[in-house]
Amino acid sequence: MATSENGATTPLASAGGTRDAEMLNNEVKRLKLGNVVGFSGDVLRGLHVHPDTDNIIYPVGCNLIIEDIESHEQTILAGHSNFITTVAMSSSGEFLATGQMTHMGFKADIIVWHYPSRTRYATFTLHRVHIQSLAFSPNDKYLVSLGGKDDASVVVWDLQKRAAVCGSPAAMRSAGQARVAAYCCQDDDCFMTGGDGTLRVWKLDLPNRKIHPRDINTGQMKRNVECIQVLDGDKFALCGTTSGDIMKINLETALLAKHGPAKNRFSQGIKCLSVLRSGEVLLGAGDGTACVFQFDKLSKIKTMKLPEGGVSAVGVRGAGHQVYVGSTSSQIYNADYLDFKPTLVRTCQAHAVTDVCFAAGCSDLVITSGREDIRVWNTHTAQELLRITVPNMVCNSVCVQEDGKAIVSGWNDGKIRAFFPETGRCMWTIEDAH
């Protein structure tokens, strides 16, 4: 507030202060996010199918989306201040957990969501910079969190008390970064972590508030673990590796029991694992292959290849009659177990959106531009209607001719291109426009 030289408040300052107070008292209405077209395909194991079999769960930027499979209605859970890096779901489906990344030197949040009420249950803040992986205990008693390379610690959280129980360095100093955590199927006091040259079984000592690690002995085999799935009974665990094979670990002896396949490994590593009720293994590889694998016989039962991108997540619906697959190109596919062929369910632009526009007098369609393509969307259903692709180029701007007869766009190669809105075929091109 301004004052005169003798310290008295001027009338002008008093009037300004009154207006500021009135503006603060008036509640500002915030725009409500109605629908999201997107999927963060770079989040490993980020796609989940809820046990109710009616909803899929996936991250988009800073938000977590719960989408009805039939109606496509979305519930948007917002609370993070930066991109979500990992998503976990409890075996009962009552809780969801998301971790984020943040700037160097700051602590990253973990948010636990209560699924039935679609509300925030708890917020945990302890790890620095990045949350690498999350896992729930089988009876929803604990949540284990794994920090990134700048944190390198593992922490156990009590969900009932909403507080940390204990923590420890995730790996030995001589080992690399721990990348994934997975809980046992029956024991709330036992979980595993794995990563670059490290694979451990942990036991929770609740009276002493400590966790005790036991390193897995894999003999001469050296592998970097990308994903872990503990089998029913908690006697064995399957570990997918960056080398494209699977290790079967005996949790009682902490020894390698079996590994394979020795030949025809999965290219670009195994990114995610899930065990079907039949005992078969559903896995996703970095080259875009999704496979139903019989580990005991080391045989591939069913295989499908995604049209674009690698597999980043797999989810099983019900007893396994239908599977969902997320790709690194930000697409979501589903497939029936019998024919095992991918069907596109959700698509979006995998890179930054550079421009958005509506056609004159039409709010039913929206056009977006980005790397390599222009897309036309239905605003009511969030479905893609048309895709115009120009390989290895970036579309910087897009607009629709006023009469709606052409989509005009500017590209990073200095050309202006116009396309027919019905077919996406090129109408004309202006060379060297800039």
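The structure under discussion appears in the preceding block.
In this text the structure is predicted, and so the values were computed from the model without any measurement.

## A few points about the overall build of the protein chain
In terms of helices and strands, the protein chain carries one helix and 34 strands. Overall, the protein chain is about 75 × 70 × 40 Å in size when its C-alpha atoms are taken along their principal axes. Across the 434 residues that make up the protein chain, the buried fraction comes to 50%. In the protein chain, 39% of the contacts between residues at least 6 apart in sequence involve partners at least 24 apart. When the accessible area of the protein chain is evaluated, it comes to approximately 21200 Å², of which 50% is carbon and sulfur surface. Charge centroids of the protein chain, computed over 43 positive and 45 negative side chains, lie 8 Å from each other.

## Describing the nonpolar core
Core analysis: the largest hydrophobic core is formed by 18 residues, its most contacted members being M192, L199, I228, C239 and L251. Contributions of two or more residues to this core are made by strand 13 (178-183), strand 14 (190-195), strand 15 (199-205), strand 17 (225-230), strand 18 (236-241) and strand 19 (246-250). Of the residues forming this core, the biggest block, three residues, is contributed by strand 17.

## Details of the side chain of E280
Looking at the element boundaries, E280 is found in the loop between strand 21 (270-275) and strand 22 (281-285). There is no salt bridge for the buried E280, and the closest opposite charge comes from K302, which lies 8.0 Å off by N-O distance. At a separation of 3.3 Å, a polar atom in the side chain of E280 contacts the side chain of S278. Those residues in contact with E280 that sit more than four places away from it in its chain are S274, V275, V292, F293, Q294, I301 and Y337.

## A word on the sheet that holds strand 9 (residues 131-136)
Across the sheet, which stays open at both edges, the four strands sit in the order 9-10-11-12 with antiparallel pairing between neighbours. The open sheet has two edge strands, strand 9 and strand 12 (163-169), and neither has a second partner. On average, each strand axis in the sheet is tilted by 20° relative to the strand beside it, whichever way the strands run. Sheet topology places strand 9 next to strand 10 (residues 142-147); five bridges connect them, and they run antiparallel.

Definitions and limits used
Residues numbered from 1 in each chain as written. Predicted model: local features only at pLDDT ≥ 70, side-chain atom pairs only at ≥ 80, totals over all residues. Heavy atoms only, no water. Helix = DSSP H or I, 4+ residues; strand = E, 2+ residues; numbered from the N terminus. Buried < 20%, exposed > 50% of the residue type's maximum accessible area, 1.4 Å probe, protein only. Contact = heavy atoms within 4.5 Å. Areas by Shrake-Rupley, 256 points an atom, 1.4 Å probe, with all protein chains shown as cover. Lys, Arg positive; Asp, Glu negative; His and termini not counted. Charge placed at Lys NZ, Arg CZ, Asp CG, Glu CD. Core = buried A, V, L, I, M, F, W, Y, C linked by side-chain atoms within 4.5 Å. Salt bridge = Lys/Arg side-chain N within 4 Å of Asp/Glu carboxyl O. Polar contact = N/O pair within 3.5 Å; in protein donor to acceptor, adjacent residues only side chain to side chain. Pairing = 2+ DSSP bridges. Axes fitted to C-alpha atoms, helices over the stretch in contact; angles between N-to-C directions.

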